[in-house]
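Structural overview for review
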Amino acid sequence: MIPELGHFALIVALLLAMTQAILPLYGAQRGNLVLMAVARPAAQGQFMFVAIAFGCLAWSFLSNDFSVLNVAKNSFSQLPEVYRLTATWGSHEGSMLLWVLILAFWSTAVSVFSRHLPEDMSARVIGVMGLISVGFLAFLLTTSNPFERLLPAAMDGNDMNPLLQDWGMIIHPPMLYMGYVGFAVAFAFAIAALLSGKMDVAWARWSRPWTTVAWAFLTLGIVLGSWWAYRELGWGGWWFWDPTENASFMPWIAGTALIHSLAVTEKRGAFKAWTVLLALVAFSLSLLGTFLVRSGVLSSVHAFATDPARGAFILGFLALVIGGSLALYAWRAPKMITGSSFTWFSRESLLLANNVILIAALGSVLLGTLYPLFMDAMGLGKISVGPPYFNAVFVPLMAPALFLMGVGPLARWKEASLPDAVARLKWALAVAVATGILLPLTLDGFKPWASLGFFLAAWITLAVLVAFMERLKHGQGSLAHKLAGLPRGFWGMQLAHLGIAVGVAGIAVVANYASERDVRMEVGSYAELAGYTFTFQGTTDHVGPNYRAARGTVEVTRNGKPVATLHPEKRTYNATGMGMTEAAVHPNLFRDIYVAMGEPIDMQGAWTVRLFHKPFINWLWLGAFFMVLGGFMAASDKRYRIALKRSELPKNVAAQGA
């Protein structure tokens, strides 16, 4: 009965989503307050019923109900309980149900926190999100029913994909979807503004915190995925330019451009048409990523579906959403009033340059991701576009964007003085250049890309320091009092920029100075890498809850002093017989020691073992943490938490300064 209840809840949720979409949008068009008032209860009711459906599916997994096809395919009676819960979204069907749940959550959040908005605007925003929900709920019910029965019931399940049986996958998909789906809010605000014809600075102010929160969640989701791949796949890499990784990275790039463009639209009333277009593009790329992952066109450790019917449905929905939104944009964009003018050197012009570079970088990733698929679809042969292409094209494009990151926040709105900016930043530039030249010499030789990374990291860090020093010149009281008085928006921006600097420094080191060895190790033998000695003490048999493993013991020493004892494993899963490498990692702030076991070589206990030394790799995760924290801080700025009077809002927004 639980699966039937879940299926019924999805049907009710679809009906409520249709109500949420049709009545408020029609009411906003006609000025009917009664119909507009339907938006909030319909959105909240839809969330309640989707949550019931999700709870029913989770219960089916937790109770080992193998009469549900989804459970039989993706769970196993020996699977630990925590992974039985995460198996709820470990399949295609469950993952799409999680998508719909998060979309309903965002709709409910907008319905709760948008009461200060004009009634017609909130009705349109919630209505547009209802239309998106209709599409995904229909997709679930017609092609991806998570509650489909298997009769007679299976005796046991096929087990969850061993790659997904990791702590990183408990939190990675929900956070990634919070970002992916969160851009639907920015999309809905943009469509609502286009429908109303009121594309003033007010809509940018309303949508900006929502967009920033979605960007922060997407950043967190991407970095968790990178951390999971680094630990779980046994390759020692943290980013592979896998097409499915790119599918989440492209909306992130567009979202980064969007939050900067929204700042200009809110502060100066400029870039209105461009900002609306970016909001449409960011969510459209989220839908494109969904199509790539779930249509079967990709072969990846991250990809789910291989059913062409599902791909056709998503492709049709993608064409409808993107085509419809771009058609509406083409109709309304010429009517947008151009905002305030600005000179060639100003904060507006620097943010515009930032946007142009980001979109060029986005285009390079989009081309490298889709071109092989296009060639294959046209029967022109299979080609592979990998790290050499992306490193040669994407990295040089991003270097000037990172340099502008140091200048932009210090430039004045409307008109800035280049000599003044040079005078304020000359010492920061000199120190950054010296850092870029000298720091590589203290490591394993001078390398140009490492030098560039060190220069940019130092430049951004010092620019952040200059920004704080200039802010603290003014005001009264102690240093702590002045720091506490700075707006959260300023703190968030600078913290996110500092996170970029920390991440760039980590990438510069690990990409240029990491080392690895593939060695044959017998019991008692040792190998050396980066000043560390690895001694193999053999393996022991280990029995896990749903797998058997050969667990190795590797003693790590440095200059004769013990550093760590690592236990990499080679696992064989009971249900599928699939073999998996479980790497062992000893981290600290400045390096990771990483050991992964390959295959046994002979009956005397010899194994192939891969050893890695990853300097500063944890700075990638630390930098991302700063970025996420900065995003949430910026979104919590008090000017977004004060419900302004509607009649005063456009005037107040236009009057806001930097």
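In case you missed it, the structure is sitting above this.
The structure reproduced in this document is the subject of the present report. (Residues numbered from 1 in each chain as written. Predicted model: local features only at pLDDT ≥ 70, side-chain atom pairs only at ≥ 80, totals over all residues. Heavy atoms only, no water.)

Side note on a nonpolar patch on the surface
Defined as follows: Candidates for patches are residues over 30% relative accessible area with no salt bridge; among them, like charges are joined within 9 Å and nonpolar side chains (Val, Leu, Ile, Met, Phe, Trp, Tyr) within 5 Å. Here the open area of atoms and residues is found with the Shrake-Rupley method and a 1.4 Å probe, where only the protein chains shown may cover a residue. A pair is scored as a salt bridge if a Lys or Arg side-chain nitrogen falls within 4 Å of a carboxyl oxygen belonging to Asp or Glu. Secondary structure is summarised from DSSP: a helix means a run of H or I of at least four residues, a strand means a run of E of at least two, and numbering begins at the N terminus for each.
The grouping of I2, L5, F8, M48, I52 and W59 at the surface amounts to a nonpolar patch, some 580 Å² of accessible area in total. Residue assignment for the nonpolar patch shows that the elements contributing at least two residues are α1 (2-30) and α3 (39-62). Locating F8 in the fold gives a position in helix α1.

Some points on the packing of helix α9 (residues 201-232) against helix α19 (residues 618-635)
As a reminder of what qualifies: Orientation is described by axes fitted as lines to C-alpha atoms, over the contacting stretch for helices, and by angles from 0 to 180 degrees between their N-to-C directions. Angle categories are assigned with fixed cut-offs, so that under 35 degrees is roughly parallel, over 145 is roughly antiparallel, 65 to 115 is roughly perpendicular, and the rest are oblique. Helix crossings get a hand from a simple test, with the near helix turned counterclockwise from the far one by less than a right angle marking a left-handed crossing and a clockwise turn marking a right-handed one. Between two residues, a contact is recorded if the distance between any of their heavy atoms is within 4.5 Å. Three categories are distinguished: nonpolar for Ala, Val, Leu, Ile, Met, Phe, Trp, Tyr, Cys and Pro, charged for Asp, Glu, Lys and Arg, and polar for the others, with Gly belonging to the last.
Between α9 and α19, the least distance of the axes is 8 Å, while the angle of their chain directions is 165°. On the basis of their axis angle, the class for α9 and α19 is roughly antiparallel. The chirality of how α9 crosses α19 is left-handed. Between α9 and α19, the contacting residues are P209, T212, V213, W215, A216, F217, T219, L220, V223, S226, W227 and Y230 on the first element and L620, W621, A624, M627, V628, G631, F632, A634 and A635 on the second. Its residues assigned to classes, the contact of α9 with α19 comprises 17 nonpolar, four polar and no charged.

Some remarks on the pattern of salt bridges
A side chain of one charge can pair with a side chain of the opposite charge when the charged atoms of the two come close. Defined as follows: Buried means the residue's accessible area, taken with a 1.4 Å probe over protein chains only, is under 20% of the maximum for its type, while exposed means over 50%, and partly exposed covers the values in between.
Inspection of the entire model under this criterion finds 17 salt bridges. Among the salt bridges present, the one from E119 reaches R40, with a minimum N-O distance of 3.1 Å. Within this pair, whereas E119 is found in helix α7 (residues 119-143), its partner R40 is found in helix α3, the two being separated by 79 residues in sequence. Assessed through its relative accessible area of 24%, E119 is described here as partly exposed. Residue R40 is classed as buried on the basis of its relative accessible area of 11%.

Describing the pairing of strand β10 (residues 607-615)
What counts, and what does not: Pairing between strands is defined by DSSP: at least two bridges between the two strands are required.
Most of β10 sits out of view: seven of its nine residues are buried. With seven bridges joining them, strand β1 (residues 515-521) and β10 adopt antiparallel strand pairing. By the bridge assignment, M521 is partnered in β10 with W607. As paired strands, strand β9 (residues 591-600) and β10 are joined by eight bridges and run antiparallel to one another. Bridge pairing links V595 to L611 in β10.

Concerning the nonpolar core
The tendency in soluble globular proteins is for nonpolar side chains to be buried side by side. Threshold: Residues belong to a common nonpolar core when they are buried Ala, Val, Leu, Ile, Met, Phe, Trp, Tyr or Cys residues joined through side-chain atoms within 4.5 Å.
Grouped together as the largest cluster of nonpolar side chains are 164 residues, with contacts concentrated most on W99, W106, F136, F189, L194 and W203. Other than its neighbours up to four places away in sequence, W99 contacts F136, Y177, Y180, V181, S286, L287 and T290.

A few points about the environment of L418
Along the chain, L418 falls in helix α15 (residues 418-438). According to the relative accessible area criterion, L418 is partly exposed, its value standing at 37%. Along the backbone, L418 and V556 are 138 residues apart, and their C-alpha atoms lie at a distance of 54 Å. In this structure, L418 is in contact with W344 and F345, ignoring residues within four places of it in sequence.

Looking at the side chain of K570
To be explicit about the condition: N or O atoms within 3.5 Å of each other form a polar contact, as long as, within protein, one can give a hydrogen and the other can take it, and as long as residues adjacent in sequence are counted only when both atoms are side-chain atoms.
Within the secondary structure layout, K570 lies in strand β6 (residues 569-573). A relative accessible area of 17% places K570 in the buried class. A polar atom in the side chain of K570 sits 3.1 Å from the side chain of E599. Sequence-distant contacts of K570, defined by excluding residues within four places in its chain, comprise R548, A549, A550, M580, T581, M597, G598, E599 and W607.

A word on α15
What counts, and what does not: Multiplying one less than the number of residues by 1.5 Å gives the expected span of a helix. Note that bend, as reported per residue, equals the angle between axes fitted to the 7 residues terminating at that residue and the 7 residues originating from it.
Helix length check: α15, at 21 residues, gives a terminal C-alpha distance of 28 Å against a target of 30 Å (1.5 Å per residue), a fit within 8%. Helix geometry: α15 is bent most strongly at L425, by close to 55°. Among the residues making up α15, those that are buried are A421, R424, L425, A428, A432 and G436. Each element contacted by the buried residues of α15 is listed here: α14 (387-407) and α16 (448-472).

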